[in-house]
Amino acid sequence: MPSVEEYNEKHDLKIPAHIAIIMDGNGRWAAKQGNPRLTGHHAGVKALEKTVQACAEEGVKYLTVYAFSTENWKRPEEEVTGLFQMISLYVRQYTRKLKKENIRVQILGEYEKLPEPAVRSCRYIVEETGDNTGMVFNICLNYGSRGEITRAVKQIVRRCQDEGDSLTAEDITEELISSCLYTAEMPDPDMIIRTGGEKRISNYLLWQSAYSEFVYTDVLWPDFGREELMKCIAEFNGRHRRFGGLDHK
Ligand code: IPE
Ligand code: IPE
Ligand code: MG
């Protein structure tokens, strides 16, 4: 059996090191079947499980998923409460599996503001998988990119005002700002996938996506899995990234 790297090389498919996903369309998936929105979120968890597995097997180094935005609090209380119950359950259920598969989980966002059981589950999974050395799996929970940047600015201003810290305005670089974001020490996403047919960023990874390739699919998130992932990776392979330079093709 060839290794993942050997297989991909042979098939000439470059696997993005960092994939970020806006998992959208759960509600519409449920509505299509005449079911309540929460059944769509439950189906979404199954799709996430398949996608995590596929990414790890394909050799993706970082997978970052948008699970709950700072704007999602605007939804009906019943949906928000149900989502958090589901998140606590999912996290607890999959901790052992992810630990065994050498996947390291990180939570990005103000997750401490979630209800206590969800916060505890998050701390548990991060701690339990903390020594793993395989794929990094980032779950964005109560995440908003403008909030993330605002938080970074506050941290930097506080350091500038702190007399015991020698930081001045002149020392503020792009690297310093990046290091104050939740994604500190991670490469920027190479590809951002949005399912569900909408073509917008919805306050996700605004700073980090400066040169990401955007891939949109009409597939609703609960129907996503390995096959759809590979289609997105194939589309990524057809793109010519220039990073502002010249294309030497
Ligand atoms: C994405 O699916 C999941 C979350 C935002 C939590 P939606 O719930 O937004 O599903 P649609 O877009 O209404 O179909
Ligand atoms: C983005 O989806 C947030 C998540 C997937 C968690 P939304 O459904 O909240 O985005 P909008 O409201 O369509 O922009
Ligand atoms: Mg949506």
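This text follows the structure it describes.
The structure presented is a predicted model; accordingly, all values stated were derived computationally and were not measured.

### As for the sheet that holds strand S3 (residues 104-108)
Here 6 strands make up an open sheet; going across it, the order is S3-S4-S2-S1-S5-S6 and the pairing parallel. Single-partner strands in this sheet number two, and they are S3 and strand S6 (213-216). When the angles between neighbouring strand axes are averaged without regard to direction, this sheet yields 20°. Strand direction decides the pairing type here: strand S5 (residues 191-194) and S6, joined by 4 bridges, are parallel. Across the sheet, the residue bridging to Met191 is Glu213, located in S6. Helix H5 (residues 116-128) rests against S3 and strand S4 (136-143) of the sheet, and its axis sits at about 140° to S3.

### Notes on the state of the cysteines
Across all of its chains, the model carries 0 disulfides by this definition. In this structure Cys140 is a free cysteine whose sulfur lies 12 Å from that of Cys122, the closest cysteine sulfur available. Judged by its relative accessible area of 0%, Cys140 falls in the buried class.

### Thoughts on the site of ligand 1
Close to ligand 1 lie Met23, Asp24, Gly25, Asn26, Gly27, Arg28, Arg37, His41, Ala67, Asn72, Arg75 and Leu83, which account for all nearby residues. The backbone of Gly25 places a nitrogen or oxygen atom 3.4 Å from an oxygen atom of ligand 1. In this structure, Arg75 approaches ligand 1 through a side-chain N or O atom, which is 2.7 Å from an oxygen atom. Isolated, ligand 1 exposes 380 Å² of accessible area, and the fraction of that covered by the protein chains is 86%. Sorting elements by how many residues they give to the shell around ligand 1 places helix H2 (residues 26-32) first, with 3 residues. Its residues placed into classes, the shell around ligand 1 shows 3 nonpolar, 5 polar and 4 charged.

### Regarding the site of ligand 2
Surveying the vicinity of ligand 2 reveals the residues Ile22, Met23, Asp24, Tyr66, Ala67, Phe68, Ser69, Asn72, Arg75, Arg194, Arg200 and Ser202. Arg75 places a polar side-chain atom, nitrogen or oxygen, 3.2 Å from an oxygen atom of ligand 2. In this structure, an oxygen atom belonging to ligand 2 sits 2.6 Å away from a side-chain N or O atom of Ser202. Ranked by residue count, the leading element in the shell around ligand 2 is strand S2 (residues 62-69), at 4 residues.

### Some details on the packing of aromatic side chains
The geometry of an aromatic ring pair comes down to the distance between the two centres and the angle between the two planes. Here the structure, examined in full by the defined rule, presents 11 aromatic pairs. Here the aromatic rings of Tyr66 and Tyr204 are separated by 4.2 Å at their centres, their planes lie at 10°, and the arrangement is stacked. In this pair, Tyr66 sits in strand S2 while Tyr204 sits in the loop between S5 and S6, placing the two residues 138 residues apart along the sequence. On the basis of relative accessible area, Tyr66 is assigned to the buried category, the value being 8%. Through a chain of ring-to-ring contacts, the aromatic side chains of Tyr66, Tyr143, Tyr182 and Tyr204 assemble into a single cluster.

### Considering the side chain of Ser88
Mapping Ser88 onto the fold places it in helix H4 (residues 77-100). Engagement of the side chain of Ser88 in a polar contact is seen with the backbone oxygen of Phe84, the distance being 2.9 Å. Ignoring any residue separated from it by four or fewer positions in sequence, one finds Ser88 in contact with Pro117, Ala118 and Ser121.

### Notes on the environment of Thr39
Following the sequence through the fold, Thr39 ends up in helix H3 (residues 37-58). Sequence separation between Thr39 and Trp29 is 10 residues, and the spatial gap between their C-alpha atoms is 8.8 Å. Contact partners of Thr39, with chain neighbours within four places excluded, come to Trp29 and Ala30. At 2.7 Å, the side chain of Thr39 forms a polar contact with the backbone oxygen of Pro36.

Criteria and cut-off values
Residues numbered from 1 in each chain as written. Chains lettered and ligands numbered in written order. Predicted model: local features only at pLDDT ≥ 70, side-chain atom pairs only at ≥ 80, totals over all residues. Heavy atoms only, no water. Pairing = 2+ DSSP bridges. Helix = DSSP H or I, 4+ residues; strand = E, 2+ residues; numbered from the N terminus. Axes fitted to C-alpha atoms, helices over the stretch in contact; angles between N-to-C directions. Contact = heavy atoms within 4.5 Å. Disulfide = S-S within 2.5 Å. Buried < 20%, exposed > 50% of the residue type's maximum accessible area, 1.4 Å probe, protein only. Near = heavy atom within 4 Å. Polar contact = N/O pair within 3.5 Å; in protein donor to acceptor, adjacent residues only side chain to side chain. Areas by Shrake-Rupley, 256 points an atom, 1.4 Å probe, with all protein chains shown as cover. Nonpolar A, V, L, I, M, F, W, Y, C, P; charged D, E, K, R; others polar. Phe/Tyr/Trp six-rings, centres within 6.5 Å; stacked < 30°, edge-to-face > 60°.

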